[in-house]
Amino acid sequence: MLRIDKYIADTGIASRKEIKDAARRGLVAVDGKTVRDVGMRIDESSARVTYCGQAVNWQKYEYLMLNKPSGYISSTEDSSKTVMKLLPEKYTKMELFPCGRLDIDTVGLLIITNDGPLAHRLLSPKHHAEKTYFYRCSPPIGEAEAQRLEGGVDIGDYITKTATVELITPESGNITLTEGKFHQIKRMFEAVGSNITYLRRIKFANLSLDESLAEGEWRKLTPKETEILRKTGEL
């Protein structure tokens, strides 16, 4: 059971203050009846709620895919450079957050949600989801360096777990990890004598980046994609 004001606010339509003001003016209804007490609790699975004459389509969780551009931080903190600023204003009222982080200069796939339990499972050491990145590096690396990266390298305060490296050219390729230490891929390449010059996440938790999304663009996950994300979190 949810309070009416939370039910409506969770959709991002309006703030709780705006909802309270609308209710006082008779603009909130539940199952066809005007409700002025927004503290009243309703069954979120069956109630039919309208706000200012429009049906409220409530769902417990939201799942978005963002193609993160360079220069933005994976944070919800109040900054002009947080990835949350790339979303419509309504989503700022829904307590969404990035599921994991990308460095400020790393681009690509970022899942944004308000499903805390699923995000925790996907990012926990026990259920850590695979993440694949396309990279460019300089100087180039060969099979010997790729094998070292795959076997685990010392990045100063940690020995990385096994990874998978696919060489496309000596200067580029894909790398797949199951962990996410601070600047991990950059530090891994430094450990084998190279430097990352470009990094783009192309896959996370069995979801691939929608290549039709330009950097800075986003969309909702499809029901099929949402199910893939949930199943990955259950592994």
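Residues numbered from 1 in each chain as written. Predicted model: local features only at pLDDT ≥ 70, side-chain atom pairs only at ≥ 80, totals over all residues. Heavy atoms only, no water.

## A short note on the environment of W58
Move 1: Mapped onto the secondary structure, W58 falls in the loop between β6 (54-55) and β7 (63-68).
Move 2: For the pair W58 and P98, spaced 40 residues apart in the sequence, the C-alpha separation amounts to 21 Å.
Move 3: In this view, W58 contacts L2, Y7, D10, T11 and E44; residues no more than four positions away in its chain are not counted. (Helix = DSSP H or I, 4+ residues; strand = E, 2+ residues; numbered from the N terminus. Contact = heavy atoms within 4.5 Å.)

## Considerations on the pairing of β7
Move 1: Where burial is concerned, most of β7 is hidden: six out of the six residues are buried.
Move 2: Taken together, the six bridges between β7 and strand β9 (residues 107-113) define a ladder with antiparallel strand orientation. Among the inter-strand pairings, K68 is bridged to a residue of β9, identified as G108.
Move 3: Looking at chain direction, β7 and strand β15 (residues 218-220) are connected through three bridges and run antiparallel. (Buried < 20%, exposed > 50% of the residue type's maximum accessible area, 1.4 Å probe, protein only. Pairing = 2+ DSSP bridges.)

## Observations concerning the sheet that holds β6
Move 1: One open sheet holds the four strands; their spatial order is β3-β2-β5-β6, and the pairing between them is antiparallel. Two strands lie at the open edges of the sheet, namely β3 (33-34) and β6, each paired on one side alone.
Move 2: Sheet analysis places strand β2 (residues 28-30) next to β3, joined by two bridges and oriented antiparallel. Note that in β3 the partner of V30 across the bridge is K33.

## Structural notes on helix α6 (residues 223-234)
Move 1: Taking 1.5 Å per residue, 12 residues should reach 16 Å; α6 reaches 17 Å between its end C-alpha atoms and fits that length.
Move 2: Buried within α6 we find E225, T226, L229, T232 and G233. Burial along α6 is one-sided: seen end-on, the buried residues are contained in an arc of 125°. In α6, the exposed positions that point more than 90 degrees away from the buried face belong to P223, K224 and E234.
Move 3: Looking at the buried side of α6, the elements it contacts are β7, β9, α3 (116-123), β13 (195-204), β14 (207-208) and β15. (Expected span 1.5 Å × (residues − 1). Arc of directions from axis to C-beta.)

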